[in-house]
Amino acid sequence: MIRQLPPQKLRRRFARYSLIHQALQQQQPQGKHGTYLEALSQSQALSALELGLGIKQRGYNIFVVGVSGTGRTSVVNHVLRQQARQLVQPQDIILLYNFVDRDRPLSLRVDVGLGPKIKKTYDMLVERMLVALERAFEADLYAMQRQRLQEQALRETEEALADIEHEARTRGFALARTSTSITLSPADEAGDCITEEQFDKLSTSRKQELERRAGRLEKRLEKALRRVRLAERESEEAIEKLQRETARQAVAPLFEAAIGAWKQIPRVAEHLTAAQEDLLNRLRYFTPQERHSAPEASQSRVSGGRAAHEEEEEWEEDEPLLMRYRVNVLVTHRKGEGAPVVQETHPTLSNLVGRIEQRLRGGETITDFTRIRAGALYRANGGYLIIDAGDLLRDSSAWEGLKQALKNQAIELDDPGEPGRMVSVASLRPEPVTLSLKVVLIGTPDIYYTLSRTDPDFDELFKVKADFDSEVPSTSERVKKYVRFLVKLCEDEKLRSLTPKGAGRVMEHATRLAGNQGKVTARLCELADLVREADFWAHKQNASCIDVEHVRKALGARATRNGFLETHMQEDILEGRVCIETDGAVVGQCNALTVVELGGYEFGVPVRITCRIGCGRGEIVDIERETKLGGPLHTKGTLILRGLLADRFGCDIPLGFCATLCMEQSYTGVDGDSASLAEACTLLSMLARAPLSQKVAITGSLDQRGRVQAVGGINEKIEGFFKLCQRYPRQAPHGVIIPAVNASDAMLSEEVVEACRARDFVIYTVDSFEDALRILTGRPWHQGENPLEPAIRSTLQHLHTLRTGTKAPLLSMRPVVSPRPGNHYPTPSARGPKAPC
């Protein structure tokens, strides 16, 4: 059935509706995000979120699906923060030094807020401990006891060497003592050691006698030296015992107080006990005698241990002196905040799991447990983690690390090292921490279905899918919510207020973006941008409010900024470089409508489709397909056309023709099946020798039964042909043919509506290809004056006769229009099941 759309059906208008005025007068909800979330409310997505958040079992993480700008992130943040207030706040996580295996730091979970307090306890303990040790080792009593032990050892040494020294003098020898050795040397009558020259002047018998005496004395000397070494060892042990007892008496009260303060946490109390024992075993680094050989350690002690993370001393195992007695607060929370909601905006592996910072010393990198930093999984543990799926998948190791943590339900931090690293790395592996959180990934449908298809773990880990629609029903309540959102936006950003007509024009644009008169777009960010740009033009005109003229100006300026290529393509058509006819009638040629999308800006442009036929076996040659310029959807449309002809004529008459279809002056790829109706009309026009009107352009998809199906980009296609036709007002009226099911999608510009009202432009809707041919040729299909079907049958019979060799009068197959050179244009875009040609 053929219909002409009346002007009132070509655009939905909001400015006349009283609900716009009512919404502007109503009091706005309080809160920064109140009106925004109210306008964005999508029941299906919220229901899925509620399900995913309510099920605590493993694998019920959430993937939020939707296009950018639909408020996915804002809604998810708002819902999660509301839910987080009702959850139990998770514990703090701290790391402690492992005195058994320093490469495996201890991970402890303590009650909320205790992490910093435990760290403060350890820090104060270190400061007081250093002061107490310094005082104890500098006390007179310790000095007297140490001196007594040293003097006793010295007396025993002197007693052990006195006898051997006396005997050596009686036998003509002198005992020479240094700090490192004791030697026997021949002596003169005065008891002084003789020189080598004097020894050489001695007789041989005298030398032999001295050597015999020296041998006997050396045995006595070795025995005496063993007594000396034993005395020294006993003295060292006594001094070490004195140091240990002195240190124990100095620090025991400090450790006992700390242990008593944290006895409710057994692992902390045990660690403090181990720290005390470790300190007593490493007293050689804390005694005053070591200060001169360890200036950095001495400086650390004098400053009260405040430089714990500096390189105080690295004598033992490349570790700072006081690092063992420190606490690394990995994660802490404030009381009363509820469960954490963490949004990781840069989800690399280190930002998700954590990292171990390194420091360079002597050509190699070293580290310690105080340089471990928590990742988003640690910070969000016990709550919710929000990640953009597109950002996450840019780092394959981050995606694998997240899956591993979710599968194992544990966070295990490890430093695998950097690829190509040529220096050794001190690697740490803290104890794993149990993971209990809900991960919410936010991404586009393409990402979701790609992961579902290619990653076997995805469906097991993300069992809940929450869809955010890009368009929602345009109910009266929805319109009120949108207007309230716009009013709140103007208040928050100090913009001029909207007039009812201005708000109505913004809502019309929302309907235009949705592509359906019964819906509005859910991409509120685009509406907010439009209001901001309209406010700019209102400011330029010194207006007090944002009116409809300012919104129109903003839309026009946006089209001018983005329409550079569109303008040049229109110029090429007007100047004849691209051949598009808008007047007369031509056999085997029609104007199809396409959409070009560049950087988010879409515009329509007509394309000339031609057809030539000859004898053959029913082949339809698609030049775009043969040259590999046609996409699969375009090829599908051509194959459907072959099925249509077989259905209508193949059962009665052999299809003895060969047809060639071409989109003229198209030099890049083309896809979509919305040209199939135009191709069918062009081919049937050639078979019937019936000229097609060039004043009417056409778009639509066909099925094999000849029914016209919906396509996308209706508004852009109509306006693209209208912009061309308005350059030829004397040829009016022009028009377009669209599928009847697309009638409700019309949200055309005011210029097109006015042209239709003046009958300079006509928009037809059709249900079948026969209706389209009736408009283009002015002839009926099979009934009435000069029908098309008998003419097509006659041509098919004639071609079959020619192919089989029977003589018959020839029909003129001369081309009607000669080809012309053209320009190179971008690929018309596809729109899924409603893809344009």
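Relevant structure appears above.
Colleague: Describe the sheet that holds strand 29 (residues 734-739), with residues and values.
Modeller: Taken in spatial order, the eight strands of this open sheet run 1-30-29-26-21-22-24-23, and their pairing is mixed. Of all strands in the sheet, those bounded by a partner on one side alone are strand 1 (3-4) and strand 23 (619-622). Across the sheet, helix 27 (residues 769-777) touches strand 26 (696-698), strand 29 and strand 30 (761-766), and the angle it forms with strand 30 is around 150°.

Colleague: I'd like a description of the packing of aromatic side chains, backed by residues and values.
Modeller: Taken as a whole and assessed by the stated rule, the structure comprises 16 aromatic pairs. Seen in terms of ring centroids, Tyr97 and Phe99 are 5.2 Å apart; in terms of plane orientation they differ by 65°. Their pairing is edge-to-face. Judged by its relative accessible area of 4%, Tyr97 falls in the buried class. On the basis of relative accessibility, which here comes to 25%, the residue Phe99 falls in the partly exposed class. Arranged with centres 5.2 Å apart and planes meeting at 75°, the rings of Phe536 and Trp537 form a pair that is edge-to-face. On the basis of relative accessible area, Phe536 is assigned to the partly exposed category, the value being 43%. Between the NZ or CZ atom of Lys553 and the centre of the ring of Trp537, over which it lies, the distance is 4.9 Å.

Colleague: Let's hear about a positive patch on the surface: which residues, and what values?
Modeller: On the surface, a cluster of positive charge is made up of Lys223, Arg226, Arg227, Arg229 and Arg233. With respect to the helices and strands, Arg233 occurs in helix 8 (residues 204-261).

Colleague: Could you give an account of the sheet that holds strand 4 (residues 106-110), with specific residues and numbers?
Modeller: Pairing is antiparallel across the open sheet formed by three strands, whose spatial order is 4-3-7. Of all the strands in the sheet, the pair left with one neighbour each is strand 4 and strand 7 (327-331). Taken over all neighbouring pairs, the strand axes of this sheet differ in orientation by 30° on average, direction set aside. Bridge count for strand 3 (residues 92-96) against strand 7 is four bridges, and the pairing is antiparallel. For Ile93, the partnering residue across the bridge sits in strand 7 and is Val331. Against the sheet, helix 9 (residues 266-281) engages strand 3 and strand 4, with an angle of about 135° to strand 4.

Colleague: Go over the pattern of salt bridges with me, naming the residues and quoting the values.
Modeller: This structure, assessed with the given rule, holds 43 salt bridges. Measuring nitrogen to oxygen at the nearest pair gives 2.6 Å for the salt bridge that ties Glu245 to Arg248. Of this pair, Glu245 and Arg248 both sit in helix 8, separated by three residues, roughly a single helical turn. Here Asp457 ties to Lys403 by a salt bridge, and the two come within 3.5 Å at their closest N and O atoms. On the criterion of sequence distance, the pair formed by Asp457 in the loop between helix 15 (445-454) and helix 16 (458-461) and Lys403 in helix 14 (residues 396-408) is long-range, its members being 54 residues apart. Among the charged side chains, a network of salt bridges with common partners joins Glu400, Lys403, Lys407, Asp455 and Asp457.

Colleague: Residues and numbers for helix 20 (residues 548-562), please.
Modeller: The first and last C-alpha atoms of helix 20 sit 21 Å apart over 15 residues, in line with the 21 Å expected at 1.5 Å per residue. Every buried residue of helix 20 is accounted for by Val548, His550, Val551, Ala554, Leu555, Ala557 and Arg558. Where the residues of helix 20 are buried, they touch helix 18 (500-514) and helix 19 (524-540).

Colleague: Would you mind going over the pairing of strand 29 in detail, with residue names and values included?
Modeller: Strand 29 sits mainly inside the fold: six of its six residues count as buried. Taken together, the three bridges between strand 26 and strand 29 define a ladder with parallel strand orientation. Opposite Val696, over in strand 29, you have Gly735 as the bridge partner. Sheet topology note: the strand 29/strand 30 ladder contains six bridges and is parallel. In the strand pairing of strand 30, Ile737 is matched with Tyr764. Between strand 29 and its parallel partner strand 30, the chain crosses via helix 26 (residues 750-757), and the hand of that crossover is right-handed.

Cut-off values and rules
- Residues numbered from 1 in each chain as written.
- Predicted model: local features only at pLDDT ≥ 70, side-chain atom pairs only at ≥ 80, totals over all residues.
- Heavy atoms only, no water.
- Pairing = 2+ DSSP bridges.
- Helix = DSSP H or I, 4+ residues; strand = E, 2+ residues; numbered from the N terminus.
- Contact = heavy atoms within 4.5 Å.
- Axes fitted to C-alpha atoms, helices over the stretch in contact; angles between N-to-C directions.
- Phe/Tyr/Trp six-rings, centres within 6.5 Å; stacked < 30°, edge-to-face > 60°.
- Buried < 20%, exposed > 50% of the residue type's maximum accessible area, 1.4 Å probe, protein only.
- Lys NZ or Arg CZ within 6 Å of the ring centre and 35° of its normal.
- Patch = residues over 30% accessible without salt bridge, like charges linked within 9 Å, V, L, I, M, F, W, Y side chains within 5 Å.
- Areas by Shrake-Rupley, 256 points an atom, 1.4 Å probe, with all protein chains shown as cover.
- Salt bridge = Lys/Arg side-chain N within 4 Å of Asp/Glu carboxyl O.
- Lys, Arg positive; Asp, Glu negative; His and termini not counted.
- Charge placed at Lys NZ, Arg CZ, Asp CG, Glu CD.
- Expected span 1.5 Å × (residues − 1).
- Right-handed = clockwise from strand over helix to strand, strands pointing away.

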